[in-house]
Every structure is written in C-alpha cells, then in structure tokens.
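Now for the letters of each chain:
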Amino acid sequence: MITPGRPCAHQDPCLPDRNGDPDLASAPSRRRSRQSHQAVLQATVALLNEVGYRRLSFEGVARRAGVGKATIYRWWPNKAALVIEALNGEVPLRPLPDTGDLEADLRTAIRLTVEITSAMPTCLILPALIADMIEDPSGTGPFAELISPHRASVVKLLDKARAQGRLPPETDTALMVDLYAGTVVYRATVSREPLDDVAIDQIVNLLLHGRIPTRPPSPNDAG
C-alpha cells in the first residue's frame, strides 16, 4: 500500500546508489538492502511498543536493526515518515462488507475506523504523530495512503447508494466520510471519550437522516 520511502523519484531506497544506476547493484547487495530495510521497520514497531513515539529515535532504531544511522536518514526524511511506513501492515484494515443495508454498512464502516485508531500501537502514537505532521507536512501524504484503502471503500459504498437513489444525487460522499472520521480521530486523540454503539447510531442518523444527536437523560435532569 505504501511504497518504501523514496528520497527522489528515480532512486530506489532498497538499492545502493551506484552513480544513480540501480542496474549496477549486485544481487547480494540488493538482498542485504532489502533485509536492512525490513529490519528497520521491524525495529521501529518494536520500539514504538517499548518506548513510545516521543522517545523513538533514529539512533535507537539503527541500534536495534543493526544498521548505520546514516542508512535510516537516507531512506526516510523524518521520524513520522518512518513510523507511518512501519505501521503499514500493523493497522487492521478489514474489508468493508456491502450488505445492501446502507445504515448497517455505515455503522460497520465507523466501527472499523474506531478499530484503526484504537489499535496498538496506533492509539498511543497518533496524537504525537499528528502533531509532527502539522509541524512537518511531508508525512501527510504517506499517512493518507495508509488509511486510503478503507476511506476509498466507504466512499465507493456511498457512491453506489447515491447511484441507486438511496442518497440524494448531490450528496458529497467524501465529505460524509470525513465528517465521521474527524469525530473518531477527535475522540481518540483529544477528548479520549469512547465512541460506543449509541454514539455511532447517532452519527449514522445524522449523516443519513439529518437527525440532531441527543444526549441520554441523566439523573440530574430529573425533577
């Protein structure tokens, strides 16, 4: 889904640079480079679980992977880019079912998004990762690629419903996905409130039927 970090369009980071011509690289060199690349990604995931995102460093990853620090700097522009690629395959991206029941399928899509943001180690590093991407937007594209298959599958589901007349023809299906995804990410990274089935039902009712979310009655409301 995410191709290995590329310093430039013509250079393959899994191959040694020999005057810019990867065809001159030997087969053993290519194997060693690919093994090193995989070792770095595995070391990154392991250290994320052990020390967290903030304490993760290129130096620590290099030691754990058994490669030179310069190798990591050559393949990834910053820590966010390295972590995003390392998480590729670690994030649960279960296929979205298309049952023909739009409400049920949209509920499932939201639950899957909750799974993605709450998965380990994603839930622990997401706030710091987003903060780094705001400071250095170079990681934004790879992060979007990481979650784009799930997002695209939901947009496709909603587009199909629109084509079948189950949504108004002017519906902005991509914005519908962003509206609930923004809620999920906010709850996961800022308020830390759980998004339970009641809240998910209210989001679906808002998106599909325009029903304003309501709070459940509390004991303080009585009397």
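Caption draft 1: Summary view of the environment of alanine 128. Counting through the fold element by element, alanine 128 comes out in helix α6 (residues 122-135). Between the C-alpha atoms of alanine 128 and alanine 80, which are 48 residues apart in sequence, the distance is 9.2 Å. Those residues within four positions of alanine 128 in sequence are excluded, and the remaining contacts are Tyr53 and Arg54.

Caption draft 2: Seen up close, the nonpolar core. Formed by 30 residues in total, the largest nonpolar core has its most connected members in Val40, Tyr53, Val61, Ile72, Trp76, Leu82 and Leu129. Breaking this core down by element, the ones donating at least two residues are α1 (27-55), α2 (58-65), α3 (69-75), α4 (79-87), α6 and α7 (140-163). Contacts of tyrosine 53, omitting those with residues within four sequence positions, involve Leu48, Lys79, Ala80, Val83, Ile125, Ala128, Leu129 and Asp132. If you look at the next biggest cluster of nonpolar residues, it comprises 23 residues, including Leu96, Met176, Ile203 and Leu208.

Caption draft 3: Local environment of the environment of arginine 54. Among the structural elements, arginine 54 can be located in helix α1. Leave out the neighbours within four places in its chain, and arginine 54 touches Lys79, Ala128, Ala131 and Asp132. Among the polar contacts listed, one links the side chain of arginine 54 to the side chain of aspartate 132, at a separation of 3.4 Å.

Caption draft 4: Geometry of α7. If you look at α7, its biggest bend is around 55°, right at serine 148, and the proline proline 149 turns up within four residues after that. Those residues of α7 that sit buried are Phe143, Leu146, His150, Val154, Val155, Leu157, Leu158 and Ala161. Phi turns positive, to about 85°, at glycine 165, one or two residues after α7.

Thresholds applied
Residues numbered from 1 in each chain as written. Predicted model: local features only at pLDDT ≥ 70, side-chain atom pairs only at ≥ 80, totals over all residues. Heavy atoms only, no water. Helix = DSSP H or I, 4+ residues; strand = E, 2+ residues; numbered from the N terminus. Contact = heavy atoms within 4.5 Å. Core = buried A, V, L, I, M, F, W, Y, C linked by side-chain atoms within 4.5 Å. Buried < 20%, exposed > 50% of the residue type's maximum accessible area, 1.4 Å probe, protein only. Polar contact = N/O pair within 3.5 Å; in protein donor to acceptor, adjacent residues only side chain to side chain. Bend = angle between axes of the 7 residues up to and from the residue.

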